[in-house]
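# Examining the three-dimensional arrangement
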Amino acid sequence: MTSIQRTSSNATTENSKFTSLNTPTSHPIPVLRVEHIEKYYGSRGTVTKALDDISFQVRPGEYVSIMGASGSGKTTLLNCISTIDTVSAGHIFLDGKDITSIDDNDIAAFRRDNLGFVFQDFNLLATLTLEENIALPLTISGISPKEIDDRVYKIAEKLQISNALQKFPSQVSGGQKQRCAFARAVICDPKLVMADEPTGALDSHSSRILLEIMSNLNKDLGATILMVTHDAFCASYADRILFLKDGKIFNEIRKGEKTRSIFYHEILDVLSLLGGDRPC
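Figured I'd write up the structure that's included with this text. This one's a predicted model, so the numbers in the text were calculated from it and none came from an experiment.

This part is about the layout of surface pockets. A probe as big as a water molecule, rolled over the atoms, marks out the empty space that is left. Here the largest pocket defines a volume of roughly 440 Å³. Those elements that provide at least two residues to the lining of the largest pocket are helix H2 (107-114), strand E6 (115-119), helix H3 (130-140) and helix H5 (174-186). The biggest single contributor to the lining of the largest pocket is E6, with 4 residues. In terms of residue class, the lining of the largest pocket is built from 12 nonpolar, 2 polar and 3 charged.

This part takes up the pattern of salt bridges. Counted under the stated rule, the structure contains 15 salt bridges. We note a salt bridge from Lys49 to Glu38, for which the minimum N-O separation is 4.0 Å. Within this pair, whereas Lys49 is found in strand E2 (residues 48-58), its partner Glu38 is found in strand E1 (residues 32-41), the two being separated by 11 residues in sequence. Its salt-bridge partner being Asp52, residue Lys248 comes within 3.5 Å of it at the nearest N-O pair. With Lys248 in strand E10 (residues 248-254) and Asp52 in strand E2, this pair connects stretches of sequence that are 196 residues apart. Accessibility expressed as a relative area gives 43% for Lys248, which makes it partly exposed. Bridged by salt links that share partners, the residues Arg59, Glu62, Arg240, Glu252 and Arg254 form one connected network.

In this section: the sheet that holds strand E3 (residues 63-67). Overall, mixed pairing links the 6 strands, which are arranged E6-E7-E8-E3-E9-E10 in an open sheet. Pairing within the sheet leaves two strands with one partner each, and these edge strands are E6 and E10. Strand-to-strand, the axes of this sheet are offset by a mean angle of 20°, without reference to chain direction. Pairing between E3 and strand E8 (residues 225-228): 4 bridges, direction parallel. Bridged to Ile66 within E8 is Val228. H5 contacts E6, strand E7 (192-196) and E8 of the sheet and is inclined by roughly 170° relative to E6.

Conventions and cut-offs
- Residues numbered from 1 in each chain as written.
- Predicted model: local features only at pLDDT ≥ 70, side-chain atom pairs only at ≥ 80, totals over all residues.
- Heavy atoms only, no water.
- 1 Å grid on protein atoms, 1.4 Å probe; cavity = no way out; pocket = protein on both sides within 12 Å on 5 of 7 lines; lining within 4 Å.
- Points joined across faces, edges and corners; volume = space filled by probe spheres on them.
- Helix = DSSP H or I, 4+ residues; strand = E, 2+ residues; numbered from the N terminus.
- Nonpolar A, V, L, I, M, F, W, Y, C, P; charged D, E, K, R; others polar.
- Salt bridge = Lys/Arg side-chain N within 4 Å of Asp/Glu carboxyl O.
- Buried < 20%, exposed > 50% of the residue type's maximum accessible area, 1.4 Å probe, protein only.
- Pairing = 2+ DSSP bridges.
- Axes fitted to C-alpha atoms, helices over the stretch in contact; angles between N-to-C directions.
- Contact = heavy atoms within 4.5 Å.

Put into C-alpha cells, the structure is as follows:
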C-alpha cells in the first residue's frame, strides 16, 4: 500500500510549549517529543488509520517500552520516530529538531549521527567480524583507528563479548549476535536507541542476559532507549510503558520504586484489559 503524504497540521511548532501525558514540566528538557502524530495507509476509500493523535515525551536517560497487540501501531510508531516511515500529520522532535521536515537527502546522515538501531534479526554483516561490525559506524564517521579500537573494546567488555570480537556472526550464538548489534547501536553515543523486539529471536537465557546488560547501560551510560516489545517480562526492565490500542495511547504506567516483579504483574494487568499478547 502507498503511504498518504504528510499534510499540513495545526500542531505546535518547535519552540512551542508542550507537555506530554503525566509529565511534570519540572523534568529535564525531553530528548524526544512526539506531538499529535497521525499515520494513514491506503488510498481514497480504503484508508487505514495506523496512528491516531499520539503525543508523548522521552527524557534523556529514560528507558521507555511500547506495548500493544498486533496491529496496535507500535511498530509504525517506532518507524516514524526512526525516520524509516513518515507521518501523515503532526510533528516529531529529536533534541529540538523537527525530524518530520528533514530533507530526504539528509535522512541517512541524521540517522547515523543521532539514532542507534537494534532489530530482532540482528542485521549484522556476515562478511565482517563482530569487531568490524561494531566499529562500522565509527569507521564511516572517520574516527581514528586508535580511538575506534579503544571504544570497541570498551563497549564489548560491557556487553560481555570481548572474547568473541574476532569471530564472524556465523560462529557465535544468537545472544552474542544481539549483544554485538546493541554494541554497534550505542558505539556512537546516539541521542536515542531504538529497539524493535530485541529479544524476539533469543532463548530465555540469552534474553535475560541482554536485558540485564541493556538495563545496566541505561543506568551507567545514561543511554536513552525506546523499545517495542510484546513480551511483559522484557518490558518490565523499562522505566515506563506506553500501551497502544487501535493507534492510540490506551494507558501508561511507570516503575518508580517498585520491584521489577511487581511491575511485571502490573504490566500483565494492563495487558489483560488491553486484550494484548500474553508473554510466551
